[in-house]
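Summary of the model geometry
Listed below are the residues making up each chain.
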Amino acid sequence: MNCGEGIDTRLIEELFINLDPIQAGGRLSADAMKAVLAYGDGYSVCDNCEKPFRLDCIKKPPLARFHDELAKFLNMDIARLVPGARRGFQAVADTVVGKGDPVLLTAFSHYTEFLSVEQAGGVPHEVPANDANIITADAVASRIEEVTRSAGKTPALLYVEEVDYQYGNLHPVQDIARVAHQYDIPVLCNGAYTIGIMPVDGKDIGADFLVGSGHKSMAAPAPSGVLATTSEWADTLFRTTQVKGDITGRTFGVKEVEMMGCTLMGVTSMGMMASFPHVRERVKQYDQHLSRCNRIVDALCSIEGTQVMSEYPRKHPLTRMNTTGSFDKAAKTNKKKGFFLISALRERGITGIIAGSTKVWKFNPYGITEEQARYVADMFLEIAREEGLPVKSG
Ligand SMILES: *Cc1c(COP(=O)(O)O)cnc(C)c1O
């Protein structure tokens, strides 16, 4: 079967247990798949658009209610749908960062956070991680002091990732936000890896801006995401248009400038909304997903020479491993070289780690069942034994 000339059907999720770090949380729910089919046409959510003609006001399908529920789910005052977390960063940076303003990011910030600063004309400064690969509130405090002294003004914005993409470590965002607020610096909390996976409480964190990714962590089609803020920032971030056509005299009502009026007009908002009840439930089962992840990590670490580079026990299923002393040794003698590992995994119905890497690699077992977790753990051990690598019993 194909979807037109040269376009094969994608069957990864059907044929494999997929451990791809960025794909695990974005797999669609069955309801989202139905929504994708029913709302695939371009502006499909606009059938019943009425005054004031804005996406977040549409009552049928219930997008207005969805926006309210999303804000409540995140414990923030107001939420908007955005085409990806990156567009959330962009809207915030464009609102609060001026040309030449210093901006704080972290040693783990995503490239899209940097690009949003660049686009707004800000100057990025990183907060370093400590030896345990955690961004601490103390490190934030000293970096604020340093940057303020050298730039002659306090940073216009602080970005902090609740869970980073490199180690999947959970950072003390609440303490970090408290420190930033002592210097009157607004805080953007990046929940790309957390919102939709684990419970996130924006008010508790103290986030001025909270950003999530629909396709990374909310079982939604791409590009989708959420940008939420407090009532204090709402009028600034979601300011409405003030311009006027100079010949026609046209004005544009309540369209929000940073949102370019409307954002996700079809399959993306509908997929996200259809998955939302499932997402709301699954965050309550977070502990189960963590214990499945820990089971796989334990198995891997019982292969001599293997280390988990992320914090352990795991607080998030995205995990970085170091198998330089195990699988990489096997790669030196295996005729498939570094590709033996992905090849051996695929033969066993497992995929999603970078082909060819046997030193440092990441995997994310979010969403798999107990049985699948046990199977993945067993298969890593089986592959190790097949390669003659010593496995500690325990
Ligand atoms: C994936 C990721 C992003 C980008 O998310 P999009 O929704 O694709 O824009 C941003 N930050 C972090 C930490 C990420 O892991």
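Quantities reported herein were computed from a predicted structural model and do not represent experimental measurements. (Residues numbered from 1 in each chain as written. Predicted model: local features only at pLDDT ≥ 70, side-chain atom pairs only at ≥ 80, totals over all residues. Heavy atoms only, no water.)

Focus: the overall build of the protein
To keep things clear, this is the line we draw: Under the scheme used here, helices are H or I runs from DSSP no shorter than 4 residues and strands are E runs no shorter than 2 residues, and both carry numbers assigned from the N terminus. Within these notes, the globule rule equals 2.2 Å times the number of residues to the 0.38 power, and the radius of gyration is based on C-alpha atoms. When a residue's accessible area, from a 1.4 Å probe over protein chains only, is under 20% of the maximum for its type it is buried; when over 50% it is exposed; and in between it is partly exposed. Residue contacts follow a heavy-atom distance rule, with two residues in contact if any of their heavy atoms lie within 4.5 Å. Computed with a 1.4 Å probe, the accessible areas rest on the Shrake-Rupley method; for each residue, only the protein chains presented here act as cover. A positive count includes Lys and Arg, and a negative count includes Asp and Glu. His and the chain ends are not counted in either. Here the site of a charge means NZ on Lys, CZ on Arg, CG on Asp, or CD on Glu.
A tally of helices and strands in the protein yields 15 helices and 12 strands. Since a compact globule built from 394 residues should have a radius of gyration of about 21 Å, the 23 Å found for the protein is in line with a globular shape. By residue count, 53% of the 394 residues in the protein fall in the buried class. Long-range pairs, those at least 24 residues apart, make up 65% of the contacts in the protein between residues at least 6 apart in sequence. Accessible surface computed for the protein: about 18200 Å², of which carbon and sulfur atoms make up 52%. Separation of charge centres in the protein, based on 43 positive and 48 negative side chains, amounts to 3 Å.

A word on the environment of Arg-292
Mapped onto the elements, Arg-292 comes out in helix α12 (residues 286-301). When the C-alpha atoms of Arg-292 and Ser-357 are compared, they prove to be 23 Å apart, with 65 residues separating the residues in sequence. Sequence-distant contacts of Arg-292, that is, excluding residues within four places in its chain, are made with Ile-368, Thr-369, Glu-370 and Ala-373.

Comments concerning the domain arrangement of the protein
Rules: Segmentation into domains, and thus their bounds, comes from an automatic or database assignment. When two parts are put together, the accessible area they lose, computed with a 1.4 Å probe and summed over both, is reported as buried area.
By the assigned domains, the protein splits into domain 1 (12-22 + 285-386) and domain 2 (28-283). The straight-line distance from the C-alpha centre of domain 1 to that of domain 2 is 31 Å. Carbon and sulfur atoms supply 51% of the area that domain 1 and domain 2 bury against each other, a total of about 1500 Å² over both sides. The largest contributions to the domain 1 side of the interface with domain 2 come from Tyr-286, His-316 and Tyr-366, which together make up 35% of the buried area.

Brief notes about the site of the ligand
How we decide: We call a residue near a molecule or strand as soon as one heavy atom of that residue lies within 4 Å of the molecule or strand. Two N or O atoms form a polar contact when they lie within 3.5 Å of each other; inside protein one atom must be a possible hydrogen donor and the other a possible acceptor, and for residues adjacent in sequence the pair counts only when both atoms belong to side chains. The nonpolar class holds Ala, Val, Leu, Ile, Met, Phe, Trp, Tyr, Cys and Pro. Asp, Glu, Lys and Arg form the charged class, and all remaining residues, Gly among them, are polar.
Around the ligand, a shell composed of 13 residues is seen, among which Ala-85, Arg-86, Ser-213, His-215 and Lys-216 lie nearest. Within the backbone of Ala-85, one N or O atom sits 2.8 Å away from an oxygen atom of the ligand. A distance of 2.7 Å is found between an oxygen atom of the ligand and a side-chain nitrogen or oxygen belonging to Arg-86. If the ligand stood free it would expose 390 Å²; the protein chains cover 95% of that surface. Every element with two or more residues in the shell around the ligand is listed here: α4 (85-96) and α9 (214-217). With 3 residues, α4 is the largest single contributor of residues to the shell around the ligand. Its residues assigned to classes, the shell around the ligand comprises 5 nonpolar, 6 polar and 2 charged.

Some points on helix α6 (residues 137-151)
Our working rule: A helix's residues, less one, multiplied by 1.5 Å, set its expected span.
Its 15 residues place the ends of α6 21 Å apart at the C-alpha level, agreeing with the 21 Å of an ideal helix rising 1.5 Å per residue. For α6, the full list of buried residues reads Ala-137, Ala-139, Val-140, Ala-141, Ile-144 and Val-147. Those residues of α6 that are buried lie in contact with β3 (102-106), β4 (123-127), β5 (158-161) and α7 (173-182). Looking one or two places after α6, you find Gly-152, whose phi comes out positive at around 80°.

Considering unusual backbone geometry
Negative phi is the rule for most residues except glycine; trans is the rule for most peptide bonds. Following Lys-60, the chain continues to Pro-61 via a peptide bond in cis, the omega torsion being -5°. Mapped onto the secondary structure, Pro-61 falls in the loop between α2 (30-38) and α3 (63-73). The omega torsion of the bond from Tyr-312 to Pro-313 falls at -5°, within 30 degrees of zero and hence cis. Summarising the element assignment, Pro-313 is placed in the loop between β9 (307-308) and β10 (319-322). For Asp-184, which is not glycine, the phi torsion reads 60° and is therefore positive. The residue Asp-184 is located in the loop between α7 and β6 (187-190) in this model.

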